[in-house]
Amino acid sequence: KVFQAVVSCIGSDGTIYIIPKSFETALTQLMAEIQNTFKGLGLLIPYCWKKGEACVVRGSDTMWYRARIVEVSSSTLQVQYIDHGYIESIPQCHLYPTTFYTSIPPFCIPCQLYKTVPIGNFWQQDAVDYLQELLKNEEVEIHVEELPDNPWGKLSISLYFGGMSLSSFMAYQKYCVAEDCQDIQKLGVFEGDLSPSYLLQPLPVPGETFPVTVTHLVSPKEAYICLGSSGNLTKHSATERAASHDSENLTKALKWCNKIVKTLPHLTNFKKELPCLAEYVDGLWYRAKLLSVAQLVPVQILVQFVDYGTYLVAPTSRLRHIPCHLLKYPVQAVRVLLAGFRPASDDKNVERIPYSPEWSLKALWTMVDCVEGKRLSASILTVSPEVTISLYGDDKNLVHLKLIEMGLAELDE
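Rules used throughout
Residues numbered from 1 in each chain as written. Predicted model: local features only at pLDDT ≥ 70, side-chain atom pairs only at ≥ 80, totals over all residues. Heavy atoms only, no water. UniProt positions renumbered as here; feature names shortened; annotations may be inferred. Patch = residues over 30% accessible without salt bridge, like charges linked within 9 Å, V, L, I, M, F, W, Y side chains within 5 Å. Areas by Shrake-Rupley, 256 points an atom, 1.4 Å probe, with all protein chains shown as cover. Salt bridge = Lys/Arg side-chain N within 4 Å of Asp/Glu carboxyl O. Helix = DSSP H or I, 4+ residues; strand = E, 2+ residues; numbered from the N terminus. Buried < 20%, exposed > 50% of the residue type's maximum accessible area, 1.4 Å probe, protein only. Domains from an automatic or database assignment. Contact = heavy atoms within 4.5 Å. Buried area = accessible area lost by both parts, 1.4 Å probe. Polar contact = N/O pair within 3.5 Å; in protein donor to acceptor, adjacent residues only side chain to side chain. Pairing = 2+ DSSP bridges. Axes fitted to C-alpha atoms, helices over the stretch in contact; angles between N-to-C directions.

For the protein, the name recorded in an unreviewed UniProt entry is RING finger protein 17, with Poecile atricapillus as its organism. Annotation of the protein in UniProt includes, under Function (unreviewed entry), the sentence "Seems to be involved in regulation of transcriptional activity of MYC. In vitro, inhibits DNA-binding activity of Mad-MAX heterodimers. Can recruit Mad transcriptional repressors (MXD1, MXD3, MXD4 and MXI1) to the cytoplasm. May be involved in spermiogenesis." The record in UniProt for the protein states the following under Subunit (unreviewed entry): "Interacts with MXD1, MXD3, MXD4, MXI1 and PIWIL1. Self-associates."

Quick look at the structure:
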């Protein structure tokens, strides 16, 4: 069985506690009911607590939670929050014994990684800390491999985050040995000789109007666009729905990659068009490809962020190997030429675009104002030799009409 779940915590012994997404509504309803039933402080009179006894606990957030007694000492009690898995030492005044809700099974499931043996036969503290930092409160994909021998035992699972196997990843980090590690190659973090490439984005059929966002303008005539979605997806083509689905999954996969990026090796091969991960000025890592060596001492590489079209000159310290599973998502940004206009022959503005001097800088900034943050739509005119489109603003008029009005461009039939 395969399902989505949220990791609620990692036990000190490496047990992974998960809450299936399908349980979330019922858990929320139960929590609301518990809050209505229990008010104020815990039990203030002496009480003889017993190990394994059911209770409710007033957490640090002042909410009441179902729990059970794990250890009894003179001043504090060690309890386990049965719907979340974590264990905590609590003063007795924050507990209340109860037989309410004991017939409802715990919502979190204790799990262990299938056919995975930690180094030394138990999870070291640094491995537990790493798992907690990586997984806590994150949504993951669970593959059930083996049921426990008893109902209170641990479920044996394969866990996938952002398309990666946790067992394989932890084995790569030398925290454990995974018996079934065939998908280690899929991580791609170990490859140096292969030359993978990105998939291209499927385009809507010519003549069909579809929503887009402009992610980068090279000149008023040349842009990078992403297939967008507005409103109800069912009204859009299969191409648009697929693009939206890919974009959502890519965003999730990149979020995970940013969490583990320090474990990915730095790039040592600087072959042109080679896919990689590159760190942008916002400190986050994105999919990119190498274009050229911009400077030799110190080495600076010109890269292009393939999902946006933007460029960056980066030192090698900001380039890392890309996990192979990130290559299955098509490139999000598509290079296009805008049809219907050309540079004005009488544009007297002196400041020109250095790499495209037929256009003035004023024309470029005017076009930026026309497309930035706007709900745009496009229609493909030709796909060869280059993708050419008509681009419309949120008022359904061609965006370049503004440039023509200002004398920065002229109509080109």
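Just to check I follow, could you spell out a nonpolar patch on the surface for this structure?
Residues Val293, Leu296, Val297 and Val299 make up a contiguous nonpolar surface patch of roughly 400 Å² in combined accessible area. Inspection of the secondary structure puts Val299 in the loop between strand E17 (285–295) and strand E18 (300–305). Taking relative accessible area as the criterion, Val299 reaches 32% and is therefore assigned partly exposed.

Mind showing me how you'd approach the domain arrangement of the protein here?
By convention, interface size is frequently given as the accessible area that disappears when the constituent parts associate. Entries for the protein in the domain assignment read domain 1 (1–189), domain 2 (208–229 + 333–411) and domain 3 (265–322). Computed over C-alpha atoms only, the centres of domain 2 and domain 3 are separated by 27 Å. Taken together, the five residues of domain 2 in the interface contact seven residues of domain 3. Contact between domain 2 and domain 3 buries roughly 450 Å² in total, counting both sides, with carbon and sulfur atoms accounting for 50%. Considering only the surface of domain 2 that becomes buried against domain 3, His216, Tyr224 and Ala333 emerge as the three largest contributors, covering 73% of it. On the surface where domain 2 and domain 3 come into contact, there are zero salt bridges. Counting across the domain 2 and domain 3 interface gives four residue pairs in polar contact (both at pLDDT 80 or more). Elements with a contribution of two residues or more to the side of domain 2 that touches domain 3: strand E14 (209–217) and strand E15 (222–227).

Mind showing me how you'd approach the sheet that holds E15 here?
Spatial ordering of the closed barrel is given by E14-E15-E21-E26-E25, a layout of five strands whose pairing is mixed. The average undirected angle you get between the axes of adjacent strands in this sheet is 60°. Two strands pair when backbone bridges link them, and strand E25 (residues 376–382) and strand E26 (residues 388–392) are joined in this way by five bridges, in the antiparallel orientation. Bridging across to E26, Ala378 finds its partner in Leu391.

For this particular structure, what's the right way to read the pattern of salt bridges?
Two side chains bearing opposite charge may form a pair once their charged atoms approach each other closely. Here the structure, examined in full by the defined rule, presents 15 salt bridges. With its nearest N and O atoms 3.0 Å apart, the salt bridge here joins Lys259 to Glu138. With Lys259 in helix H5 (residues 238–260) and Glu138 in the loop between helix H2 (125–135) and strand E10 (139–146), the pair connects residues that are 121 residues apart, well separated along the chain. Using a relative accessible area of 13% as the deciding quantity, one classes Glu138 as buried. A salt bridge links Arg342 to Asp412; the shortest N-O distance between them is 3.6 Å. With Arg342 in strand E22 (residues 341–343) and Asp412 in the segment after strand E27 (409–411), this residue pair connects regions lying 70 residues apart in the sequence. According to the relative accessible area criterion, Asp412 is partly exposed, its value standing at 32%.

Would you mind going over the sheet that holds strand E16 (residues 275–279) with me for this structure?
The strands making up a sheet associate through backbone hydrogen bonding, with each pair oriented either parallel or antiparallel. Within the open sheet, the five strands sit side by side as E19-E18-E17-E16-E20. Their pairing is antiparallel. Of all strands in the sheet, those with a lone pairing partner are strand E19 (311–315) and strand E20 (319–320), marking the two edges. Note that E16 and E17 share five bridges and pair antiparallel. Looking at E17, one finds that Pro275 is bridged to Lys289.

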